[in-house]
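# Per-entry structural report
Here is what each chain is made of, one letter per residue.
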4 protein chains.
Amino acid sequence: MSTRTPAPAKPLRKTGVRERAAETTRENILRAAIKIFAKHGLDGGSIDQISKAANSHDRMIYYYFGNKEGLFVAALEETYRRFNAAEAALKLDTTQPLVALKQVVQFILRYYKKNPEFVTLLNSENLHGGKHIAKSSKAREYSSPAIGVVDQVLACGIEQGVFRKDLSSRDLYMMIAALGYFYQSNRFTLSAFLGENLEAPATFKQWETFVVDTVQRTVVL
Amino acid sequence: MSTRTPAPAKPLRKTGVRERAAETTRENILRAAIKIFAKHGLDGGSIDQISKAANSHDRMIYYYFGNKEGLFVAALEETYRRFNAAEAALKLDTTQPLVALKQVVQFILRYYKKNPEFVTLLNSENLHGGKHIAKSSKAREYSSPAIGVVDQVLACGIEQGVFRKDLSSRDLYMMIAALGYFYQSNRFTLSAFLGENLEAPATFKQWETFVVDTVQRTVVL
Amino acid sequence: MSTRTPAPAKPLRKTGVRERAAETTRENILRAAIKIFAKHGLDGGSIDQISKAANSHDRMIYYYFGNKEGLFVAALEETYRRFNAAEAALKLDTTQPLVALKQVVQFILRYYKKNPEFVTLLNSENLHGGKHIAKSSKAREYSSPAIGVVDQVLACGIEQGVFRKDLSSRDLYMMIAALGYFYQSNRFTLSAFLGENLEAPATFKQWETFVVDTVQRTVVL
Amino acid sequence: MSTRTPAPAKPLRKTGVRERAAETTRENILRAAIKIFAKHGLDGGSIDQISKAANSHDRMIYYYFGNKEGLFVAALEETYRRFNAAEAALKLDTTQPLVALKQVVQFILRYYKKNPEFVTLLNSENLHGGKHIAKSSKAREYSSPAIGVVDQVLACGIEQGVFRKDLSSRDLYMMIAALGYFYQSNRFTLSAFLGENLEAPATFKQWETFVVDTVQRTVVL
DNA sequence: CATGAATGAGCTTTCATTCAT
DNA sequence: CATGAATGAAAGCTCATTCAT
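Residues numbered from 1 in each chain as written. Chains lettered and ligands numbered in written order. Predicted model: local features only at pLDDT ≥ 70, side-chain atom pairs only at ≥ 80, totals over all residues.

### A word on the overall build of chain A
Per the secondary structure count, chain A includes 12 helices and 0 strands. In sequence order, the secondary structure elements of chain A are arranged as α-α-α-α-α-α-α-α-α-α-α-α. Classification of the 221 residues of chain A by burial places 38% in the buried group. Long-range pairs, those at least 24 residues apart, make up 70% of the contacts in chain A with a sequence separation of at least 6. (Helix = DSSP H or I, 4+ residues; strand = E, 2+ residues; numbered from the N terminus. Buried ≥ 20, exposed ≤ 12 C-beta atoms within 10 Å, placed from the backbone. Contact = placed C-beta atoms within 7 Å.)

Shown next as structure tokens:
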């Protein structure tokens, strides 16, 4: 993979039919890229597969995203953006910290489950040492909100005297993320090893209950 | 990838120079494969890279392992074997369940840290839907011991009246694994997001403390 | 060999340098393929040999023909097309059926001799069980004209009361084809066995005379 | 393919169990080679395929036949030997030349049909310009008998005043061979073109009748 | 007689990418 | 905005063959 600087950013004009069509092409490609990269990884997914899945042509990928790496960065960013958007829509009952915490845990676990590409793309990025995120200023902006919600709930609980004071929100966030992420990310090897299909709804439900319970137990005084 | 039957099984060790050399070749390739697949994934790592890293030739990979997939399966199996061997060497003080639990947690977290290829190979396998493990009868045998240790500790604690009775060893095992795995697997994206280098020894130490504490807290009455 | 759909059909000829160049590339490859496949067979001829003989690159073969099989099909089709074109140019004196028949026989024998690739390509195709022709709708269209000419001459002769009525045009066609084809196709082993070089013009001349005579004798009342 | 001189001929001792076993290995390989070369041609058939089909090992092919070319020559020779042996078993009624001729024609046509490898191997050899037969002194010896029979029948017929005198036995032989060979060799492409399955017994029967009739017609005064 | 190990060149095919229009 | 043509490198894999015992 080359280290060249990526393609020029798309201009922002919004009038006219052609720009609309262009946006659609770009969006189709981006959507296809997320799908293909999620399914086959950065190395396993090919430009050709993506352009075909987008009903477009190889050349258009270079036009809009510069090169494969640029497309991957865009796919990552979009994936984070979607997660943040979903999180922002979360309405928490801050008067009841334990309930709010449960809501957060459930949101994260279910988001991972419903959006497996989130997990797979992150795995790809970590396989490559996080070098794309390091380059993307946009992606890093997306980080704060995620912990922010956990931080907020934790602060509430402490303020109301229900939660421990010696807990860092970073640890709490990582704990929740880990318990949700691992289940989703490793479900195939785990299923083989445990002799139990982790994709069965009942199994997931049971795990969710365990995680909610464990996180609450971790947090209370 | 072809469906041909892989290379013939390695014969029992005999004396004689050639047999020794052959074993070394096979072992060199396997060691190199683990390294390369761990670094670049199944798709990212190439036969050529591996054979060169093994000081051997492409052709020998096909001779010993049939094809790339066969080599990957062998790499997976060897990785599991090593983990089990390490775990088997673990001496637990079963008279003190909480201490034993701490030992288990530390063992797992530190194993993941010291053997990052374990994590990366598993991620690759999960990206491919676990299809290689499904085929490998050998790999599945390696599963039981891992949970076994957790199970044993849990049983001890319950017997001695120190641990909760309503905890499944599967959930407990997955919790420990998740907290160790996630930290290692996602350390690059996490470092970028948290603005904190998870590879710093102090950060790891702190996380380990948190995990040990949390797991103990989960388990006690 | 893959089952992917081959390359896009060649667009109508436009003016402009690149389109011209592209057509030439495609044609060069096709011409080279016929030559190489004829000389070494489908298995013996390599993509590399062909692309080099065409002053082009491996990659372009896949661009225009999808894969090796697609190229072979195209080569077969082109070979048939040429034969049909040559046959269509044949002017027969239908007022004299015996003369016309002689013309047909001579045309076929001489075409096989002058275009040995016709024979070799067909042999390759038959070695592979005719599976490429079975797929090619284009190739099958080329069949009728060939027998058509024989049929026409036979009908003439019957009408004029010179030829037998109990002869099927299919048998007559196959007879002529066989006598011409075998001489060309097996000339090397025959030369070795008969101790006589079948490539010598005089030998061919003698055989042609024999065949013309025999066919005429077969057909007359 | 290399141009090295082939392997040393197998020694001729016949006593002892080991020699017997060895002969079997050699024979198995030869039989497998005929089968595989006939099915896939000289280039299409691989040493590996053959050794597997013979339940033996690559190395043994080199032991007995020197190299791939040597094996092909042996396969060719064996194929000719079989044909000659079959022909030698032919009992002709020389008192009735026309009947004898019919017997010869039927023998050849049916032999080609029943032993398709004869045809395919010869095609392979001709594709390679007959260079293997040229080298094989054994193979050339096999040629004479084949024409010999036709010659004999022709002479009988002439002697008895039933056949034309101006016919060369070579032309007659080639005619019969051509009519039988072409049908078998090109049956796949012909079937596609004629829209008629030449492998159907009835179709073959009809062709045989036509050929017998035509050859007799060619030969009589 | 037989075999496991090794080899290097070659195979078909796909990769990401750039060119000219 | 978009597209057909072109490219060189590299991919996974198979080839015929030889070595040492």
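Once you've had a look at it, read on.
### Details of the interface of chain B and chain A
Residue-level contacts link 35 residues of chain B with 35 residues of chain A. Contributing elements (two or more residues each) for the side of chain B that touches chain A: α1 (17-44), α6 (116-127), α7 (131-135), α10 (169-185), α11 (187-194) and α12 (201-219) of chain B. Per-element tally for the side of chain B that touches chain A: the top contributor is α10 of chain B, with 9 residues. When the residues that make up the side of chain B that touches chain A are grouped by side-chain class, the tally is 15 nonpolar, 14 polar and 6 charged. (Nonpolar A, V, L, I, M, F, W, Y, C, P; charged D, E, K, R; others polar.)

### Some points on the relation of the copies chain D and chain C
At an RMSD of 0.1 Å, chain D and chain C line up after a rotation of 180° and a shift of 0.0 Å along the axis. Seen this way, the second copy is the image of the first under a two-fold rotation axis. By residue overlap, the copies meet face to face through one surface: 100% of the interface positions of chain D are interface positions in chain C. (Least-squares fit on C-alpha atoms with pLDDT ≥ 70 in both.)

### A look at the interface of chain D and chain C
Listed by partner, the interface residues are 35 residues for chain D and 35 residues for chain C. No other element matches the 9 residues that helix α10 (residues 169-185) of chain D contributes to the side of chain D that touches chain C. The residue makeup of the side of chain D that touches chain C, split by class, is 15 nonpolar, 14 polar and 6 charged.

### Focus on the environment of Lys135 of chain C
Note on placement: Lys135 of chain C falls in helix α7 (residues 131-135). It is 29 Å that separates the C-alpha atoms of Lys135 of chain C and Leu90 of chain C, two residues lying 45 residues apart in sequence.

### A look at the relation of the copies chain B and chain A
Its rotation angle being 180°, the transformation that places chain B on chain A also includes 0.0 Å of axial translation and leaves an RMSD of 0.1 Å. Looking at the interface residues of chain B, 100% of them are also at the interface in chain A, so both copies use one shared face.

### A short note on the environment of Tyr80 of chain B
Of note, Tyr80 of chain B is situated in helix α4 (residues 68-88). Ignoring any residue separated from it by four or fewer positions in sequence, one finds Tyr80 of chain B in contact with Ala139 and Tyr142 of chain B.

### Structural notes on helix α3 (residues 58-65) of chain B
Residues of α3 of chain B that are buried: Ile61, Tyr64 and Phe65 of chain B. Considered in projection along α3 of chain B, the buried side chains sweep an arc of 80° and stay on one side of the axis. (Arc of directions from axis to C-beta.)

### Section: the packing of helix α4 (residues 68-88) of chain C against helix α6 (residues 116-127) of chain C
All names here are of chain C. Closest axis-to-axis distance for the α4/α6 pair is 10 Å, and the angle between their directions is 140°. By the criterion of interaxial angle, the relationship of α4 to α6 is oblique. Where α4 crosses over α6, the two elements pack in a sense that is left-handed. Contacts from Ala75, Leu76, Thr79 and Phe83 in α4 reach Glu117, Phe118, Leu121 and Glu125 in α6. Per-class residue counts for the contact of α4 with α6 are 5 nonpolar, 1 polar and 2 charged. (Axes fitted to C-alpha atoms, helices over the stretch in contact; angles between N-to-C directions. Parallel < 35°, antiparallel > 145°, perpendicular 65-115°, else oblique. Left-handed = near helix turned anticlockwise from the far one by under 90°.)

### A short note on unusual backbone geometry
Residues and elements named next belong to chain B. Unlike most non-glycine residues, Asn55 shows phi in positive territory, near 55°. In this fold, Asn55 is placed in the loop between α2 (47-53) and α3. A tally of 11 C-beta atoms within 10 Å means that Asn55 is categorised as exposed.

### What to know about the packing of α6 of chain C against helix α6 (residues 116-127) of chain D
Across the interface, α6 of chain C lies against α6 of chain D with an axial gap of 11 Å and an inter-helix angle of 140°. As summarised for this structure, α6 of chain C and α6 of chain D are arranged oblique, according to the angle between their axes. Classified by chirality, the crossing of α6 of chain D by α6 of chain C is left-handed. Across from Thr120, Asn123 and Leu127 of chain C in α6 of chain C, the residues of α6 of chain D making contact are Thr120, Asn123 and Leu127 of chain D.

So far we have only geometry, and geometry alone does not tell us how the molecule works.
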